[in-house]
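Coordinate analysis (summary)
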Protein chains: 2
Amino acid sequence: MLNNDGRIDMTHGSGGRAMAQLIEQLFAKAFDNPALAESNDQARLDAPKGRLAFSTDSFVISPLFFPGGDIGSLAIHGTVNDVAMSGAKPLWLSAGFILEEGFPLAGLKRIVGSMAEAARKCGVTIVTGDTKVVEKGKADGLFINTAGIGVIPEGVDLSAHNVKEGDTILLSGPIGDHGMAVMSRRENLAFESAIMSDSAPLHDLVACMLKSGADIHALRDPTRGGLATTLNEIARTANVGMRLDEQAIPVRPEVRSACEILGLDPLYVANEGRLIAFCAAHDAEKLLKAMRAHEHGREASIIGNVVPDEHHFVEMRTTLGGHRMVDWLAGEPLPRIC
Amino acid sequence: MLNNDGRIDMTHGSGGRAMAQLIEQLFAKAFDNPALAESNDQARLDAPKGRLAFSTDSFVISPLFFPGGDIGSLAIHGTVNDVAMSGAKPLWLSAGFILEEGFPLAGLKRIVGSMAEAARKCGVTIVTGDTKVVEKGKADGLFINTAGIGVIPEGVDLSAHNVKEGDTILLSGPIGDHGMAVMSRRENLAFESAIMSDSAPLHDLVACMLKSGADIHALRDPTRGGLATTLNEIARTANVGMRLDEQAIPVRPEVRSACEILGLDPLYVANEGRLIAFCAAHDAEKLLKAMRAHEHGREASIIGNVVPDEHHFVEMRTTLGGHRMVDWLAGEPLPRIC
């Protein structure tokens, strides 16, 4: 049996008996499902009808545990959300672990339990996986990769290329919570009110938004690089510009304070449970209503609109009434946030 | 433009402009295909009819370059083969990179080029990906995760659970080449004749084997833990025992010598371009013929058969006429071989 006081050693990655025990007693138990139970080197699955969405993310977040989540739940939400931004219903995930020799088994159990719980809540199954071990000092505790497959409902076509001049830009909630929750834990900052990560699965919010019938053109979750960088990416892909209204972009007071202390701009801080929607202007209010009716969209707002601009500039009317350019993130003030 | 003398820095993982440039100028160019060119956080793909195979592997091999391949080609072959062992035709891959700060861009370019070439040769496309950067000392150069999706032809049902008493066991070629190629490079051993890795894609060999019409029950590639461990895994899953004939198991003389020098048993050394087939006895010769007609099965042989055994023992008649137990790999004599 796996010993709770034990640690990962090189034999857990050898392909031999110790690895088989780790897989059986930890991963297979926590992620239990028929495809995984076949014990083959691949999962065999009935192909759904229609189009598939396929995405991957590696997670290298430091620290592994943070207020509102851990690397395990994050590894589920991150890939579920990347799949869901196509409008897809996420179905299956793979999980690849890179473990550093000496990593405590108790920590691994906690993380795997957190993955299993997050997957269950999302209605996805972890159907295939892989475990590697590297020598002490050759990794940082553990890294997790997840890849995900979902099925896109018929008639749904969400893509950055579909964003058009005149589109309304909606944001599902306040920005910067995840990044500042991680930073406050990493820097041991104590704020008056604790900042919790917004890490959450968004596929159900997306399903409700699609159900509203609003003419949605694209969805994206503003993770690394924050809202500012994500908008710039889409502006470039869609060959448009954007105009934002700073007053309409919600930022929690404690996040704003923490950003001020650390000299950060919340527009560039990562989120893990927020999405941006681009929608035909005439349907914006309908979509906003649908978003606000969902627990993950309660604080949704209309933050701006899409304009013709061959330079793909994102500009913002500031709270003080002036205008500023919102450029791509340059540099890396917040490493290993996901 | 990416500078050939440059190195990976933390900004390449920030989500900002430097990361976008790396993706555009390196990954998107090398892996070019319509799904990737959509620049969304997920690929959108037409679901094939039938059953899907889905698999993942992380690659942490050291050194990154070895005789007969590198981590890039290995990351393609490894996942292509795991998908193919279900009988599936591999279609799409994801690629997740974890890069260590300071890693030379020229090395990354070479590895990405090698991935692109291997993928092209396998007829698979890398449709989605992810890049993370960790601080110097927090990883070992680079790690790659690939996940793969394939489609299983109608009527094909290959699984370790299908292996039965009386089945014939076939092996597609000599064992131990990959492991000893990596070890000889790592230990700077110079042998009279250089040992080359057997790293190769096996999906086409599998397709030819299926086409032969032989009644195949299961396929598996004996990677980590080698032939011995893979057979033990299957014996346990299928609730059977196995009897092998040592004389029938091909080992190249130079691999045998290298194993002797290092005190290793070739039965436990990793392969990356070999497969084991379990087949109804009456079709074994037909299957052997089909395997030998393929470039990756030219040295195929019948190595033993499946017997009833509630203890799931794998036993081998030795070259000297005695018998020995072939147990699971215990310990880890060959770390980071894939």
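Note that the structure is a prediction, hence the values are computed from the model and not measured. (Residues numbered from 1 in each chain as written. Chains lettered and ligands numbered in written order. Predicted model: local features only at pLDDT ≥ 70, side-chain atom pairs only at ≥ 80, totals over all residues. Heavy atoms only, no water.)

**Things to note about the overall build of chain A**
Applicable threshold: Here a helix means four or more residues in a row that DSSP labels H or I, a strand means two or more in a row labelled E, and each is numbered from the N terminus. The globule rule is 2.2 Å times the number of residues to the power 0.38, and the radius of gyration it is compared with is taken over C-alpha atoms. Type-normalised accessible area, obtained with a 1.4 Å probe on protein chains alone, sets the label of each residue: buried when under 20%, exposed when over 50%, and partly exposed for intermediate values. A contact between two residues is defined here by any heavy atoms of the two lying within 4.5 Å.
Along its length, chain A carries 9 helices and 14 strands. Taken against the 2.2 N^0.38 rule, which gives 20 Å for 338 residues, the C-alpha radius of gyration of chain A at 21 Å falls within 12% of a compact globule. Overall, the C-alpha framework of chain A stretches about 65 × 50 × 35 Å when taken along its three principal axes. Taking all 338 residues of chain A together, 64% fall into the buried category. Taking all contacts inside chain A whose residues are at least 6 apart in sequence as the whole, residues at least 24 apart take part in 86%.

**Some words on the sheet that holds strand 5 (residues 89-100) of chain A**
Here is the rule we go by: Strands were regarded as paired on the criterion that DSSP finds at least two bridges between them. Interaxial angle, 0 to 180 degrees, is taken between N-to-C directions of lines fitted to C-alpha atoms, where a helix line uses only the stretch in contact.
Pairing is mixed across the open sheet formed by 5 strands, whose spatial order is 6(A)-5(A)-7(A)-2(A)-1(B). On the outer flanks of this sheet lie strand 6 (125-134) of chain A together with strand 1 (43-46) of chain B, each paired with one strand and no other. Ignoring strand direction, the axes of neighbouring strands in this sheet form an average angle of 20°. Here strand 5 of chain A pairs with strand 7 (residues 142-152) of chain A via 10 bridges, running antiparallel. Pairing of Ile98(A) across the sheet is with Phe143(A), part of strand 7 of chain A. Strand contacts of helix 3 (residues 71-84) of chain A: strand 2 (51-59), strand 5, strand 6 and strand 7 of chain A, with the helix running at about 150° to strand 2 of chain A, the strand carrying the most contacts.

**Quick look at the relation of the copies chain A and chain B**
For clarity, the cut-off: We superpose the copies by least squares over the C-alpha atoms of residues that have a pLDDT of at least 70 in both of them.
Of the transformation placing chain A onto chain B, the axial shift is 0.0 Å and the rotation is 180°, giving an RMSD of 0.0 Å. Read as a symmetry element, the transformation amounts to a two-fold axis. Every residue of chain A has its C-alpha some distance from the rotation axis, and the shortest such distance is that of Ala139(A), at 2.1 Å. The residues that chain A uses at the interface reappear at the interface of chain B in 100% of cases, marking a shared surface.

**Overview of the state of the cysteines**
All names here are of chain A. Under the convention used in this document: A pair of cysteine sulfur atoms is labelled a disulfide when the two atoms are within 2.5 Å.
A complete count under the given rule lists 0 disulfides over all chains for this structure. For Cys279, which is in no disulfide, the shortest distance to another cysteine sulfur is to Cys208 and amounts to 15 Å. Here Cys279 falls in the buried class, since its relative accessible area comes to 0%.

**Details of the interface of chain A and chain B**
How big an interface is tends to be reported as the loss of accessible area on association of its parts. Test applied: By buried area we mean how much accessible surface two parts lose on assembly, using a 1.4 Å probe and totalling the loss over both. Salt bridge, as used here: a side-chain nitrogen of Lys or Arg that lies within 4 Å of a carboxyl oxygen of Asp or Glu. What qualifies as a polar contact is a pair of N or O atoms within 3.5 Å, subject to a donor-acceptor requirement within protein and to the restriction that residues adjacent in sequence count only when both atoms come from side chains.
Tallying the contact residues gives 81 residues for chain A and 81 residues for chain B. Looking only at chain A, the three residues that lose the most surface to chain B are Arg44(A), Phe54(A) and Arg224(A), adding up to 13% of its buried area. One can count 14 salt bridges joining chain A with chain B. Between Asp130(B) and Arg224(A) there is a salt bridge, with the nearest N and O atoms lying 2.9 Å from each other. One can count 52 residue pairs in polar contact (both at pLDDT 80 or more) joining chain A with chain B.

**Concerning the nonpolar core**
All names here are of chain A. The condition is simple: Residues belong to a common nonpolar core when they are buried Ala, Val, Leu, Ile, Met, Phe, Trp, Tyr or Cys residues joined through side-chain atoms within 4.5 Å. Boundaries between domains were set according to an automatic or database domain assignment.
Within the largest apolar cluster, 78 residues are counted, with the highest numbers of intra-cluster contacts made by Ile76, Phe97, Leu108, Leu142 and Phe278. Top element by residues in this core is helix 4 (residues 105-122). It accounts for 9 residues. No fewer than three residues from each of domain 1 (10-152) and domain 2 (160-325) sit in this core.

**Remarks on the packing of helix 3 of chain A against helix 4 of chain A**
Residue and element names in this part refer to chain A. Note the threshold: We call a crossing left-handed when the near helix sits turned anticlockwise from the far one by less than a right angle, and right-handed when that turn is clockwise.
Between helix 3 and helix 4, whose axes approach to 6 Å, the crossing angle comes to 35°. The handedness of the crossing between helix 3 and helix 4 is right-handed. Every residue of helix 4 that contacts helix 3 at Ile71, Gly72, Ser73, Ile76, His77 and Val80 is listed here: Ile111, Ser114, Met115, Ala118, Ala119 and Cys122.

**Some thoughts on the packing of aromatic side chains**
Test applied: Two aromatic rings from Phe, Tyr or Trp, using only the six-membered ring of Trp, form a pair when their centres are within 6.5 Å; if the ring planes differ by under 30 degrees the pair is stacked, by over 60 it is edge-to-face, and anything between is tilted.
Tallying each qualifying case throughout the model produces 6 aromatic pairs over all chains. Where Phe54(A) meets Phe54(B), the ring centres are 6.3 Å apart and the plane angle is 80°; that geometry is what we call edge-to-face. Pair noted here: Phe54(A) is in strand 2 and Phe54(B) is in strand 2 (residues 51-59), and the two residues belong to different chains. Of the two residues, Phe54(A) and Phe54(B), neither departs from the other in class, the shared state being buried.

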